[in-house]
Amino acid sequence: MSNITTTFRENLPEHLQNVKLDDFTQSFKASGGSVKRITLRGRVFRLVDGGKEIAKNTEPHMDVVIVNGSRSVQKTFYAAEYNPDETSQPDCWSSDGERPDADVADPQGTHCKDCPQAIKGSGGPNRAACRFSMRLAVVLRNNPAGDIYQLILPQKSIFGQGNVESMPFLQYAKYVGQSGYNLNMLTTRLTFDTDSDFPKLVFTNAEFLDKDTYATCVEQGQSQIAINAGRLNFTKKAEPQLPKLVAPAGSA
C-alpha cells in the first residue's frame, strides 16, 4: 500500500490524478463547513471567512461569475435595529417571500403580503421593517476554481430599472436570460452605485467565459457549498443568560 504523506501529488496513482473533488469532500473545504462571504460594508468589497475579513477589493467594481443562488426574493425581520452584516437568526423570515418558513417560532403574519411588518413605515420613514434580499453563490473571475462566496444583495440592489451598463439584479438576470444565455456563461461585473446613500450594486456583463472556465463554473455551481450559499442559513440566537440565583447572606 502506498504511503499517504503531506505531499499527496508525489505518490498519487495515475488513475486518480484527474479526479475532481466530489460534493461531500467539497463541503469540508470551507472553514468549519461555513460559506465564505462577500460583504459591501463601506462600499468596499470585503471577503469574509468565519466572520473575519481575509481580504478586500478597494476598486469600485469586482468581476465574478454567478454559479448559483436563491430562486426568489427572500425576506427577514429583525425586531432589533437593522444590521446589514447580521447573520444570527431573525425574529421572522421567509425563503420564498410568500409566507414565513415552517421553523419560525413567532411568525409576524400568515402571509407576507398581509404582514404588518411589510407595511411601509413599520421600519421608519418610507421603509418596511421586513427586509428583502437575495443570496447568490459567486466565484471570483480571476480564480473560478477557488473558493465559492455568498453575496447577499440588499433590496436596493435587486429592484428597479437601469440601462444596459448599470442594472439592478432582477433586471440584469432577466436581460441575460431573454438574450438566451445562462448567468454562469459570462463574467458579471459588480459596481457600486455612487449616487446611492447606501451600498448598492449594479450589474453588467463583462465577457463570455472560455470553454474550460465555463466547465469549472458549472461544476462549482453544482457543489453543496454553492447550493447552501443561496439558502437562508442563520446562526441560532443565543438564549438570554440570567445571573445565577444566590441565596441572601445569613439565610438558612
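In short, a report on the structure. Remember, predicted model here, so these are calculated numbers, not experimental data.

**Re helix α4 (residues 211-222)**
When the terminal C-alpha atoms of α4 are compared, their 17 Å separation across twelve residues agrees well with the 16 Å that a helix rising 1.5 Å per residue should span. Listing the buried residues of α4 in full gives Thr213, Cys217, Gln220 and Gly221. The arc that holds every buried residue of α4, seen down its axis, measures 95 degrees, which confines them to one face. In α4, the exposed residues that point more than 90 degrees away from the buried face are Lys211, Asp212 and Gln222. Capping the start of α4 is the job of one residue whose side-chain oxygen sits 3.2 Å from the backbone nitrogen of Asp212: Asp210.

**Quick notes on helix α3 (residues 169-178)**
Turning to α3, its buried residues number three or more, namely Phe169, Gln171, Tyr172 and Val176. Down the axis of α3, the buried side of the element spans an arc of 165 degrees, and every buried residue falls inside it. Exposed residues lying more than 90 degrees from the buried face of α3 are Lys174 and Gln178. Tucked into the core, α3 has its buried residues touching β4 (61-69), β7 (130-140), β8 (148-154), β9 (186-192) and β10 (201-208). Of the residues trailing α3, Gly180 is marked for its positive phi of about 95 degrees.

What counts, and at which threshold
- Residues numbered from 1 in each chain as written.
- Predicted model: local features only at pLDDT ≥ 70, side-chain atom pairs only at ≥ 80, totals over all residues.
- Heavy atoms only, no water.
- Helix = DSSP H or I, 4+ residues; strand = E, 2+ residues; numbered from the N terminus.
- Expected span 1.5 Å × (residues − 1).
- Buried < 20%, exposed > 50% of the residue type's maximum accessible area, 1.4 Å probe, protein only.
- Arc of directions from axis to C-beta.
- Polar contact = N/O pair within 3.5 Å; in protein donor to acceptor, adjacent residues only side chain to side chain.
- Contact = heavy atoms within 4.5 Å.

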